[in-house]
Amino acid sequence: MIQTGRMKKTLLVTPPFVQLNCPYPATAYLTGYLRRQGYEVTQIDLGIELINRLFSTEGLTKIFGVYTGCDDPNIQRIHNLRQAYIDTIDTVMRFIRGEDPTLANLICTSDFLPQAGRFDSINDLSAYFGSLGTQDCAKFLSTFMLQDLSDYIRATITPHFELVRYGESLAASVPEFTILEAELSQPVNLIETEMLTLFEHHITTEKPDLVGFTIPFPGNLLAALRCAQHIKRQHPDIRTVAGGGYPSTELRSMSDQEIFKYFDYVSLDDGELALERILDGGPLIRTYTADGYHDRNETLSHHDQGCPDFTGLPHHLYLSLTELTNPMHRLWSDGRWNKMMIAHGCYWAKCAFCDTSLDYICRHDAVPAATIVDWMETIIAQTGSRGFHFVDEAAPPRLLKEIALEILRRKLQVNWWTNIRFEKSFTGDLCHLLAASGCIAVSGGLEVASDRILRLINKGVTIEQAALAMRNFSRAGIMIHAYLMYGFPSETLQETIDSLEIVRQLFHAEVLNSAFWHRYAMTVHSPSGQHPETFGVRRKHLQANPFANNEVWFAEDRGYNINQTGESLHNALAAYMTGEGLNRPVHKWFVGKAPQTTIEPTLIEEQMIHPDACRIYDANARLVWIGSTVERSPEGIRAIGRADEKTLKLSVADADFIIRIIESVKDLNSTFTFADIQTIYAEHSTEPFAYLYHSKQWDRLREFGLLQI
C-alpha cells in the first residue's frame, strides 16, 4: 500500500536520450504548473548532461579505456585514432554548444577531425556549403564525428546507445516486463555508470521526496528504469513516478506488476493533476499503483496548465547538430528552439491511423492568442532564445492567424515553426502574414498521396488542396516538410508508385523542401486498430500483452515486398532532398518489374497556376496592412518596403482612398472588412470597387503588405 501525505520537494527528470539541441518541454510544463500551485520543484535534463560528460576529454578517455578488441575494421580505426578524438573532442563540443563560432574554420580544415566510417559518405562539401557556409559545414562534420563515436560505443560498450535514444529496440512494444527485467539484472555498463553518477549528484544535492520521470518515447524507458532502480537501492524512502507519452500509449491496459519494483506510480495522459494528487496525498487520478488503476474523470484546461517554465535547465549545454544538409530537415537537430503547445489536442482528430481515442489527441482546447504571446515573452525571459517550435499535433489556422497578428501588434521579434494540416484556409495572404510574424517553416501530413487512400484514412484533404497550401507557404518564403506514409491496408503498389510521383512533382515544383516516409503502423488507440476489419485486414493476436500494448499486428496479402518498397521510397526521397533524380521515372526506383505511374505529369504544375483564394472578393474578409511606408507621389502613391520600393500610377481618387485605408488597417487593433472598405471607396469614387480590387496596382500593394485575411 502506497503511503499518502503531502511531500515537500519534487525532482523532475528527462532521462537519456530525447533531444540534443533544446529541452523537451514535458518537465517544463509540469514544473510551471506545480510551482504556480506552491510546490517546490527542480527539473533536470539528464540526457544532455550525460552527452556532455561522455563527449569530453575525460569521458572519451574512459570509453577508449575499456576496449577489449573488435573485428570491425571501422571500430579498429576509431580506436587507433583514439588520441586524436581525445585531443579534439573539447574543441568540437565548445563549437556545437555555440561557445566559440570561430572554431568553425579550424574544424573545416581537412586534417583536424579524426575521420572514420561516417565520413565515407561525404562527397564535395562545396556543393552544399560553398565558400560562405563554414559554420554549417563545421556542424555537419562535427555531427559525423559524434556519430562515429556513437558507432564505437555501440560496438564496444552497449548496443543500446544512440545519440537521441537508449535501448529503444528493447523497449518498443515489449509484451512482458521480464524482457526489461533481464536487462536490468545485468551489471551497469560504463554509459549507465556515468549516468547514475550524474543522477546521484542531483539526488544528494536536491534531497527530493518524489522523483518524476517523463518517458515520451521507448528510447527513454531503459534509462528511466536504471535511475529508478538506483533510487530503490540507494534511497528507498524517495518515491518514484513515471509518466509521459510512452506510458500513456503503451501501458494503458497494463496488468504486469513488475514495473512497481521501480516506480511507485505510473501516470497516464497530462501529468499535472496526477502529480498534484500524489504530492498532496489526495485521490489519485489516471494513475497506476501496485494496488491497481486509479481513475477520476477530471481534466485540466490548456489555460490552467499554463506557461511552461524552463528555468533551471542547462541551456548552455545544448548542441546544434546537422545530420543532413537539407535546410528544412535540420531544424529538428539545429537551433535552440523553445518548445510549447498553442493548443491541446488536434482540432481535426479524425485520421484513421492516428491515436484519436487518446486524450492528447481527441480533447482539443485552445487559449486566446494574446495568452500564447504572453507565454512566449515569458519563455524568452527564461531561456534567452527567441526561436519557438509549436509542437501541436496540428496548429489551427485561425489561431495561427491571431497569434501572428498579436506578434506583429507587439512588434515582437521571434522566429517559429509548427505542425499544420494542409488546409485550404492557408491562402497566400495568410501565409505572408505568418511569415511576417516570424514563421520560417511548417510540417504537415501529406501521408499517402493518393486521393482514394486519403479518403479511406479520413485525412480531410486532397492532393490538389495540399499542393495549393504548399505553393502558398513556399511563395511566402516558408519552408515545408511533409510526413509521408506507405503500407496502409489495401494500398497497392500502383498507388505507392503514384504517391512517389506526386512527391517528385512537388519537389520538382520547388514547393516541398523535405519529407520523410514512415511505414504505417496500426495502433490499438487508432480507428484502424480498433476496427481493422473495416480496412480489409485482420488482427493476428486478439489477447492483450500483460505489459506494453501499442502496435497491432495484422495479416494482409499485399502482393508485393513491403520492405523493398520502403527502401525504394527512402532512396528516391534522399535524392529528391538534394535536388537529384527529379527527372527519373519513379518506377525505376523500385526493384524488379514495377508499373509506371498513372499520374498526369503536369498535375502539380497545373495547381501552381490556380488562382489563390485570397484574390476572390469576400465582403467578410479582413484587410490588414503589415508593410512599411506608403506616401503620395505625383503619379499616385509610392510603396516603400524594406528591400524594395515601387511607384504605382493611380487616379487622385484611388490614391486618396489607398492612403486612407492603409492608415486605418495598419492599426491591427481595429478590424476593417471588405464590406467596410467598399463603403469607404464609394466616398472617393463613382467607379465600382471591383475595378480597383482586380487591378495590377492592388496586386502590387499586396506584395508590399496589404493582405486579405
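Parameters at a glance
Residues numbered from 1 in each chain as written. Predicted model: local features only at pLDDT ≥ 70, side-chain atom pairs only at ≥ 80, totals over all residues. Heavy atoms only, no water. Phe/Tyr/Trp six-rings, centres within 6.5 Å; stacked < 30°, edge-to-face > 60°. Helix = DSSP H or I, 4+ residues; strand = E, 2+ residues; numbered from the N terminus. Buried < 20%, exposed > 50% of the residue type's maximum accessible area, 1.4 Å probe, protein only. Lys NZ or Arg CZ within 6 Å of the ring centre and 35° of its normal. Core = buried A, V, L, I, M, F, W, Y, C linked by side-chain atoms within 4.5 Å. Contact = heavy atoms within 4.5 Å. Pairing = 2+ DSSP bridges. Axes fitted to C-alpha atoms, helices over the stretch in contact; angles between N-to-C directions. Salt bridge = Lys/Arg side-chain N within 4 Å of Asp/Glu carboxyl O. Disulfide = S-S within 2.5 Å.

Caption draft 1: Here's a closer look at the packing of aromatic side chains. For the structure shown, the criterion picks out 35 aromatic pairs. Centroid distance F119 to F144: 5.8 Å. Interplanar angle 70°. Geometry classified as edge-to-face. Placement of F119 in the loop between α6 (103–108) and α7 (126–129) and of F144 in helix α8 (residues 134–156) is noted, with a sequence separation of 25 residues between them. As far as the burial class goes, F119 and F144 line up, both buried. A centroid spacing of 6.4 Å and a plane angle of 45° characterise the contact between F674 and F689, whose relative ring orientation is tilted. On the criterion of sequence distance, the pair formed by F674 in helix α27 (residues 674–681) and F689 in helix α28 (residues 689–693) is long-range, its members being 15 residues apart. For the residue pair F674 and F689, the accessibility class agrees, reading buried in each case. These aromatic residues form a ring-pair network of at least three members: Y617, F657, F674, Y681, F689, Y693 and W698. For K350, the ring lying beneath its charged end belongs to W348, and the centroid distance is 4.5 Å. Positioned above the aromatic ring of Y693 is the side chain of R615, whose terminal nitrogen or guanidinium carbon lies 4.7 Å from the ring centre.

Caption draft 2: Structural view of the nonpolar core. With 186 residues, the main nonpolar core has F55, F199, F213 and F263 as its most contacted residues. Broken down by element, the residue count for this core peaks at 10 residues, all from α8. If near-sequence neighbours (up to four positions away) are discounted, F55 is found in contact with L60, I89, M93, L146, L149, S150, I153, F161 and L163. Residues L648, I658, V665 and L706 belong to the second largest nonpolar core, which totals 25 residues.

Caption draft 3: View of the environment of A155. Looking at the secondary structure, you find A155 in helix α8. With near-sequence residues (within four places) excluded, A155 lies in contact with C70 and I75.

Caption draft 4: Local environment of the sheet that holds strand β21 (residues 629–633). Here we have 3 strands laid out as an open sheet, ordered β21-β22-β23, and antiparallel in their pairing. Either end of the sheet is taken by a strand with one partner, and the two such strands are β21 and β23 (645–649). Averaged over all adjacent pairs, the angle separating strand axes in this sheet is 20°, with direction ignored. In the sheet, strand β22 (residues 636–640) pairs with β23 via 5 bridges, with the strands oriented antiparallel. Following the sheet pairing, A639 is matched in β23 by K646.

Caption draft 5: Layout of the pattern of salt bridges. Applying the stated criterion across every chain, the model contains 43 salt bridges. Of the charged contacts, one joins R409 and E406 as a salt bridge, the two residues approaching to 2.4 Å between their closest N and O atoms. Here R409 pairs with E406, and both are found in helix α18 (residues 397–410), just 3 residues apart, close to one helical turn. Here E645 makes a salt bridge to R638, at a shortest N to O gap of 3.8 Å. Residue classification places E645 among the partly exposed residues on the basis of a relative accessible area of 48%. Connected through salt bridges with shared partners, the residues D374, E377, E406, R409 and R410 form a single ionic network.

Caption draft 6: Examining the state of the cysteines more closely. Applying the stated rule across the entire model yields 0 disulfides. You can see C354 has no disulfide; the closest cysteine sulfur is in C351, sitting 6.2 Å from it. Looking at the unpaired C362, the closest cysteine sulfur is the one in C354, lying at 10 Å.

Function cannot be read off these values alone, since they describe shape.
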